[in-house]
Amino acid sequence: MRVKLWGTRGSLAASGPDTVAYGGDTSAVELRIDDDTALVLDAGSGIRRLSDELAHCRRIDVLLTHLHMDHIQGLGFFAPLLDPDVEVHLWGPASPRFTLEHRLSRYLSPPLFPVRLRDTDNVYVHDLDPGTVELGGATVQADFVVHPGLTYGYRITADGGTVAYVPDHEPALGAVDFPGDPEWVSGFDLVNGADLLIHDAQYTEEEYETRRGWGHSTFRHAAALATLAGASRLVSFHHDPAHDDAMLDAVAAAIEEWDVPFEFVPGKAGIGFDL
């Protein structure tokens, strides 16, 4: 399984000279399985550049964690949606009130977007309940995590490796002593023993004091969860739009000094992993 980060920013795209190293595009991650299965995790602004890499694919499955704008704003610019020779399958959390297609159509329709989702004959939208689904050579497990609104984290197993993708997550919310008992930790089953954990690391400890309940983790929260779950490698993700390259480099350097049982990799757009 091959994994590549195309968008690592959270909340709002932040392209500019100070964010070149880590990237300014919002969440989008590519997974390629040895049987040519193509999965895309989230559809932030980073998905636009990914389009060319998937030009030869006849089927693409896009797994949406939730419908906040920074995770769907790239959908309308994802070229395969307009290619009748490609099947695009969109998956996301099921709602008791409205279908996923109905909710996505609120964005992909005027006045917010000129092209309507219903006019794309090659797009199939699936309401996904918590549990597992087989997509080509990949087994995908979806489950709710702590974040405002209906939000999933994903665990993808294929080619003998496991990736956990939890880009928006506040597992420490309400915890007196985080992380504590694994049975009570949000997302633990998704990340337990993962070879690669891509996890929310939006805030510093100081920033979190005024942002509790906003749905995001600190770098230390992400590290504590990775340690508790025995993840082999932690990739920081969903970087705050106000965090420039110099600041993120300084945080990464500090983490290198921590005594942690996993490999830490700063999440930068363009980097890839082979599992």
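Just above sits the structure.
Below or above, wherever it landed, is the structure these notes cover. All values derive from a computational prediction rather than experimental measurement.

A few words now on the pattern of salt bridges. A complete count under the given rule lists seven salt bridges for this structure. Close ionic contact of Arg49 with Asp25 constitutes a salt bridge, the shortest N to O distance being 3.4 Å. On the criterion of sequence distance, the pair formed by Arg49 in helix α1 (residues 47-50) and Asp25 in the loop between β1 (2-7) and β2 (28-32) is long-range, its members being 24 residues apart. The partner of Arg212 in a salt bridge is Glu209, and the shortest N-O contact between them spans 3.0 Å. By relative accessible area, which is 47% here, Arg212 ends up partly exposed.

If you trace the seven strands from one edge of the open sheet to the other, you get β7-β8-β9-β10-β11-β12-β13, paired in mixed fashion. A strand with exactly one partner marks an edge of an open sheet, and here the two such strands are β7 (131-135) and β13 (263-265). Averaged over all pairs of adjacent strands, the angle between their axes in this sheet comes to 20 degrees, without regard to strand direction. Of the pairings in the sheet, the one linking β7 to strand β8 (residues 138-144) comprises five bridges and is antiparallel in character. Residue pairing for β8: Thr132 is matched across the bridge by Gln141.

This next bit is on the pairing of β2. With five of five residues buried, β2 lies mostly within the body of the structure. With burial as the criterion, each face of β2 is covered, one bearing Ala28, Glu30 and Arg32 and the other bearing Val29 and Leu31. In this structure, β1 lies alongside β2, joined through five bridges in antiparallel fashion. Looking at the pairing, Lys4 lines up with Glu30 of β2. Counting the residues between successive antiparallel strands, the hairpin from β2 to strand β3 (residues 38-41) contains five residues, one of them, Asp36, with a positive phi of roughly 75 degrees.

Our next topic: the environment of Glu87. Structurally, Glu87 is set in strand β5 (residues 87-93). Along the sequence, Glu87 and Asp119 sit 32 residues apart, while their C-alpha atoms lie 14 Å from each other. Other than its neighbours up to four places away in sequence, Glu87 contacts Arg58, Arg59, Ile60, Asn122 and Tyr124. Reaching out from Glu87, the side chain makes a polar contact with the side chain of His89 at a distance of 2.8 Å.

Reading the values: the criteria
- Residues numbered from 1 in each chain as written.
- Predicted model: local features only at pLDDT ≥ 70, side-chain atom pairs only at ≥ 80, totals over all residues.
- Heavy atoms only, no water.
- Salt bridge = Lys/Arg side-chain N within 4 Å of Asp/Glu carboxyl O.
- Helix = DSSP H or I, 4+ residues; strand = E, 2+ residues; numbered from the N terminus.
- Buried < 20%, exposed > 50% of the residue type's maximum accessible area, 1.4 Å probe, protein only.
- Pairing = 2+ DSSP bridges.
- Axes fitted to C-alpha atoms, helices over the stretch in contact; angles between N-to-C directions.
- Contact = heavy atoms within 4.5 Å.
- Polar contact = N/O pair within 3.5 Å; in protein donor to acceptor, adjacent residues only side chain to side chain.

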